[in-house]
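Residue strings, one per chain:
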There are 2 protein chains.
Amino acid sequence: MSVVVTHTASDLNPEAALTTLTDLVRDDLELCNRLIVEHMDSPVALIPQLAAHIVAAGGKRLRPLLTLAAARMCGYRGKRHAALAACVEFLHTATLLHDDVVDESNLRRGQASANALFGNKPSVLVGDFLFARAFQLMVRDGSLRVLAILSQAAATIVEGEVLQLVTQNDTATTEEQYLQVIAGKTAALFAAATEIGAVVADRPEAEALALHRYGHDLGMAFQLVDDALDYSARQAELGKTVGDDFREGKITMPVLLAYERGTEEERVFWRRVLEEREQTEADLPQALSLMQRHRAFEDTLARANDYGQSALEALACFPDGPERRSLAEIVGFCIARAR
Amino acid sequence: MSVVVTHTASDLNPEAALTTLTDLVRDDLELCNRLIVEHMDSPVALIPQLAAHIVAAGGKRLRPLLTLAAARMCGYRGKRHAALAACVEFLHTATLLHDDVVDESNLRRGQASANALFGNKPSVLVGDFLFARAFQLMVRDGSLRVLAILSQAAATIVEGEVLQLVTQNDTATTEEQYLQVIAGKTAALFAAATEIGAVVADRPEAEALALHRYGHDLGMAFQLVDDALDYSARQAELGKTVGDDFREGKITMPVLLAYERGTEEERVFWRRVLEEREQTEADLPQALSLMQRHRAFEDTLARANDYGQSALEALACFPDGPERRSLAEIVGFCIARAR
């Protein structure tokens, strides 16, 4: 079982895979975007103002794109998937708003975050609003199966985030716990986003499961790469700060590997900077150098690659075509971002 | 159309109405409480720990009691209403958790609030968790109509809360805006809680509407009384601080009436303490004295009473019986708390 990804421009430029996917479902995405703008409206003007800052300002729309392409790959020919893709984006945006409050982040996609601009209070409440709106849209769609998948995902996302809070600043965190954190905070929504593509197309359970696995493994790869990127100079090129996770004492895969493979002296360093959070300017370069010495980045990316391969395998049961090729290329995109 | 409330012990002691209602649906409430404890569980231990602090620690369970009694009054004989009552309590608790973060409150029901005890971050996330769990429970129940009612209520609650944020510290807030705030933040969930009682019993639309109106008007009365209580010595007896709204500059009905009826000099006082939030120790007593002078409490309670009468009228289409009598008495309970 393997999916042959034909060599295309996206091997040279990973962004090309995203462009190809976006072009493939352009009309569906436009409908999805219209529904997003329509349903974040409210007579209370601050709600669409704040929501527009984060929803309408863009981002890649990766999760809704996955729903749209998965539904089309499954032969779906209607319009329901656009509303469900909007639900996925609303849930994602709600978690971003609450994450930025929880992480006290001032930057999001290289711009001032909603909480920095509007304050924590409206960010918490507008997150709640988008969450409620997502469920209203699902109810209007009328599929209890979709509602079950996305409400389960919403609960799992929070479990991952709470576990992340609990393991933060704790160098005793295990690789298993870390994987549970990212399975929740990231992979759960990717998995739900792709699975509902099969559900809306009324495909057999095996295909829903395959798309769940594709989304889950893609999400795992995506987050592993994200966690490596946080320590990479590439991050600065993407308009994000380098070392945010380090400053917050988040225990991510590169840290886990460097700590696990480090000497006792190095572990004293890690405990000081991550647990006691006593950091000086020299500490981030020192952390980077320890991670390089222990091949923490390479091995984080190797794990991302394994999940990527598994995601590709999950696509094998679907017919070849532009959607499957594009979903396969997106795996490359998620991994190659780190280059 | 009028409902005769027979004179009972609850006229002497308003708490008796709550006891009567609780006794009437005792078995249903026990099932609801079991479902609450069961569904707030998670392998991430901090979630049930924090949730237990606020959910299991009690409170009156007024909203789920309303769902249970409304369903019974409509002749429902099954068990689904207990799960739906648990959903209502989860939604209520999620909003309490987020409210306390937004209001920076340190006290809830006379005890340390979850955010004071566990921090803002887990409070935001566990609120999200309970929200997701509520929807999972509704999906399991399987009624799209109930899902529509409660997802709409969740969005309306947030609209009320955001409008409250926007009008805070603004003495130009109109009575209409204030009523819109409390219709959202309080009456919407009361209305949904009672309406789903008719839905679960599969009663005609007119009864669902009547129960929606009963819950809405009861919620309006409840919040008006709450806003009066915030300035009352009774508040201290209930284990809450007097003048919280005053210190935060919340524009509630007693303030609106005192401001509207005040001299220009008095309005200068109100603007200083509520808009500029320059408060000294003498200001709360001064505010109380102005409110008394302008009969702000009496007239706030008179409005609560009008809503209460309207709630009673909404019950007229239901058959007389212990449930209707108890729901009628609860109106008295909500209003008499201010005494």
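Residues numbered from 1 in each chain as written. Chains lettered and ligands numbered in written order. Predicted model: local features only at pLDDT ≥ 70, side-chain atom pairs only at ≥ 80, totals over all residues. Heavy atoms only, no water.

In the nomenclature of an unreviewed UniProt entry, chain A is known as Polyprenyl synthetase family protein of Roseomonas elaeocarpi. For chain A, the Cofactor (unreviewed entry) comment in UniProt is given as "Mg(2+)". Comment text from UniProt for chain A, heading Sequence similarities (unreviewed entry), reads "Belongs to the FPP/GGPP synthase family." (UniProt positions renumbered as here; feature names shortened; annotations may be inferred.)

**Q** Hey, could you run me through the overall build of chain A in this one?
**A** Helix and strand counts for chain A come out as 18 helices and two strands. Here the C-alpha atoms of chain A give a radius of gyration of 20 Å, agreeing with the 20 Å that 2.2 N^0.38 yields for 339 residues. Taken along its principal axes, the extent of the C-alpha atoms in chain A is 60 × 50 × 30 Å. Summarising the internal contacts of chain A: among those between residues at least 6 apart in sequence, 75% fall at separations of at least 24. For chain A, the exposed area adds up to about 13,000 Å²; of that, 50% sits on carbon and sulfur atoms. Within chain A, one finds 34 positive and 48 negative side-chain charges whose respective centroids are separated by 5 Å. (Helix = DSSP H or I, 4+ residues; strand = E, 2+ residues; numbered from the N terminus. Rg over C-alpha atoms; globule rule 2.2 N^0.38 Å. Contact = heavy atoms within 4.5 Å. Areas by Shrake-Rupley, 256 points an atom, 1.4 Å probe, with all protein chains shown as cover. Lys, Arg positive; Asp, Glu negative; His and termini not counted. Charge placed at Lys NZ, Arg CZ, Asp CG, Glu CD.)

**Q** Mind showing me how you'd approach the interface of chain B and chain A here?
**A** Often, the extent of an interface is quoted as the loss of accessible area upon association of its parts. With 35 residues of chain B in contact, the opposing surface of chain A contributes 35 residues. When chain B packs against chain A, the two sides together hide about 3,400 Å² of surface, and 78% of this comes from carbon and sulfur. Of all residues in chain B, Lys121(B), Leu125(B) and Glu159(B) give up the largest surface area on contact with chain A, accounting jointly for 18% of the area buried on that side. Linking chain B to chain A there are zero salt bridges. Inspection of the region where chain B meets chain A yields seven residue pairs in polar contact (both at pLDDT 80 or more). Secondary-structure elements contributing two or more residues to the side of chain B that touches chain A are helix 3 (46-56), helix 5 (80-103), helix 7 (120-141) and helix 8 (144-167) of chain B. Per-element accounting of the side of chain B that touches chain A gives the leading share, 14 residues, to helix 8 of chain B. In terms of residue class, the side of chain B that touches chain A is built from 23 nonpolar, six polar and six charged. (Buried area = accessible area lost by both parts, 1.4 Å probe. Salt bridge = Lys/Arg side-chain N within 4 Å of Asp/Glu carboxyl O. Polar contact = N/O pair within 3.5 Å; in protein donor to acceptor, adjacent residues only side chain to side chain. Nonpolar A, V, L, I, M, F, W, Y, C, P; charged D, E, K, R; others polar.)

**Q** Sorry if this is basic, but what is going on with the pattern of salt bridges here?
**A** Should the charged atoms of two oppositely charged side chains come close, the side chains can pair. Residue and element names in this part refer to chain B. Applying the stated criterion to the full structure yields 38 salt bridges over all chains. Measuring nitrogen to oxygen at the nearest pair gives 3.0 Å for the salt bridge that ties Arg303 to Glu175. Pair noted here: Arg303 is in helix 16 (residues 296-314) and Glu175 is in helix 9 (residues 175-200), with a separation of 128 residues, a long-range link. Classification of Arg303 as partly exposed rests on a relative accessible area of 25%. (Buried < 20%, exposed > 50% of the residue type's maximum accessible area, 1.4 Å probe, protein only.)

**Q** Honestly, the nonpolar core in this entry has me stumped. Any pointers?
**A** In summary, soluble globular proteins display a tendency toward joint burial of nonpolar side chains. The biggest cluster of nonpolar side chains holds 247 residues, and the ones touching the most others in it are Tyr214(A), Trp270(A), Ile330(A), Tyr214(B), Trp270(B) and Ile330(B). Non-local contacts of Trp270(B), meaning those with residues more than four positions away in its chain, are made with Thr171(B), Phe246(B), Val255(B), Ala258(B), Tyr259(B), Glu275(B), Ala287(B), Leu290(B) and Met291(B). (Core = buried A, V, L, I, M, F, W, Y, C linked by side-chain atoms within 4.5 Å.)

**Q** Explain unusual backbone geometry here, please?
**A** Outside of glycine, negative phi angles account for most residues, and trans bonds account for most peptide bonds. A positive phi angle, close to 60°, is found at Asp202(A), a residue other than glycine. With respect to the helices and strands, Asp202(A) occurs in the loop between helix 10 (175-200) and helix 11 (205-229). Unlike most non-glycine residues, Asn169(B) shows phi in positive territory, near 65°.

**Q** Where do I start with the packing of helix 11 of chain A against helix 17 (residues 296-314) of chain A in this structure?
**A** When two helices pack together, their arrangement is given by the angle between the helix axes and the distance between those axes. Residue and element names in this part refer to chain A. It is the contact of helix 11 with helix 17, at a shortest axis distance of 8 Å, that shows an interaxial angle of 165°. In terms of their interaxial angle, helix 11 and helix 17 are classed as roughly antiparallel. Viewed along their axes, helix 11 and helix 17 form a crossing whose handedness is left-handed. Contacts between helix 11 and helix 17 involve Ala210, Arg213, Tyr214, Asp217, Leu218, Met220, Ala221, Leu224, Val225 and Ala228 from the former and Phe297, Thr300, Leu301, Arg303, Ala304, Tyr307, Gly308, Ser310, Ala311, Glu313 and Ala314 from the latter. Across the contact of helix 11 with helix 17, the residue classes break down as 14 nonpolar, three polar and four charged. (Axes fitted to C-alpha atoms, helices over the stretch in contact; angles between N-to-C directions. Parallel < 35°, antiparallel > 145°, perpendicular 65-115°, else oblique. Left-handed = near helix turned anticlockwise from the far one by under 90°.)

**Q** What is the right way to look at the relation of the copies chain B and chain A in this model?
**A** When chain B is brought onto chain A, the operation consists of a screw motion whose angular component is 180° and whose axial shift is 0.0 Å, with 0.0 Å RMSD remaining. What we have between these two chains is a two-fold relation. Of the residues that chain B buries at the interface, 100% are likewise interface residues in chain A, meaning the two copies contact each other through the same surface. (Least-squares fit on C-alpha atoms with pLDDT ≥ 70 in both.)

**Q** I tried to follow the environment of His98(A) on my own but got confused; where do I start?
**A** Take His98(A): it is sitting in helix 6 (residues 80-103). Owing to a relative accessible area of 3%, His98(A) belongs among the buried residues under this scheme. Residues His98(A) and Leu144(A), 46 residues apart in the sequence, show an inter-C-alpha distance of 26 Å. Discounting residues that sit within four places of it in the chain, His98(A) has contacts with Ser123(A), Val124(A), Gly127(A), Asp128(A), His98(B), Val124(B) and Asp128(B). Side chain to side chain, His98(A) and Asp128(B) meet in a polar contact 2.7 Å long.

**Q** Would you mind showing me how to read the side chain of Thr252(B) here?
**A** Here Thr252(B) lies in the loop between helix 12 (244-248) and helix 13 (253-260). Those residues in contact with Thr252(B) that lie beyond four places of it in its chain are Tyr178(B), Asp227(B), Tyr231(B) and Asp245(B).

**Q** Explain the packing of helix 5 (residues 62-73) of chain A against helix 18 (residues 322-336) of chain A to me, please; I cannot follow it from the model alone.
**A** Residues and elements named next belong to chain A. Between helix 5 and helix 18, whose axes approach to 9 Å, the crossing angle comes to 150°. Classified by the angle between their axes, helix 5 and helix 18 sit roughly antiparallel to one another. Our pair here, helix 5 against helix 18, has a crossing hand that is left-handed. On helix 18, the residues touching Leu62, Leu66, Ala69, Ala70, Arg72 and Met73 of helix 5 are Glu323, Arg324, Leu327, Ile330, Phe333 and Cys334. Looking at the contact of helix 5 with helix 18 residue by residue, the classes come out as nine nonpolar, no polar and three charged.

**Q** Whenever I open this one, the state of the cysteines confuses me. Can you help?
**A** Chemically, a disulfide is nothing more than a covalent bond linking the sulfur atoms of two cysteines. Applying the stated rule across the entire model yields zero disulfides over all chains. Considering cysteine sulfurs only, Cys32(A) is the nearest to Cys334(A), which forms no disulfide, with 18 Å between them. Since its relative accessible area comes to 0%, Cys334(A) is described here as buried. Cys74(B) provides the cysteine sulfur closest to Cys317(B), a residue in no disulfide bond, and the two sulfurs are 8.3 Å apart. (Disulfide = S-S within 2.5 Å.)

**Q** Looking at this model, I keep getting lost on the packing of aromatic side chains. Mind explaining?
**A** What characterises a pair of aromatic rings is the spacing of the ring centres plus the angle enclosed by the ring planes. Counted according to the given criterion, the structure contains ten aromatic pairs over all chains. Relative to Phe135(B), the ring of Phe131(B) lies with its centre 5.4 Å away and its plane at 45°, an arrangement referred to as tilted. Here Phe131(B) and its partner Phe135(B) are both found in helix 7, four residues apart, which amounts to about one turn of the helix. In this pair, the class of Phe131(B) matches that of Phe135(B), namely buried. A ring pair is formed by Phe190(B) and Phe222(B), whose centres lie 5.3 Å apart and whose planes are at 40°; its orientation type is tilted. In this pair, Phe190(B) sits in helix 9 while Phe222(B) sits in helix 10 (residues 205-229), placing the two residues 32 residues apart along the sequence. By relative accessible area, which is 5% here, Phe222(B) ends up buried. Through successive ring pairs, a cluster of aromatic residues spans Phe131(A), Phe135(A), Phe131(B) and Phe135(B). Residue placement shows Arg63(A) over the ring face of Phe222(A); its charged tip is 5.7 Å from the ring centre. (Phe/Tyr/Trp six-rings, centres within 6.5 Å; stacked < 30°, edge-to-face > 60°. Lys NZ or Arg CZ within 6 Å of the ring centre and 35° of its normal.)

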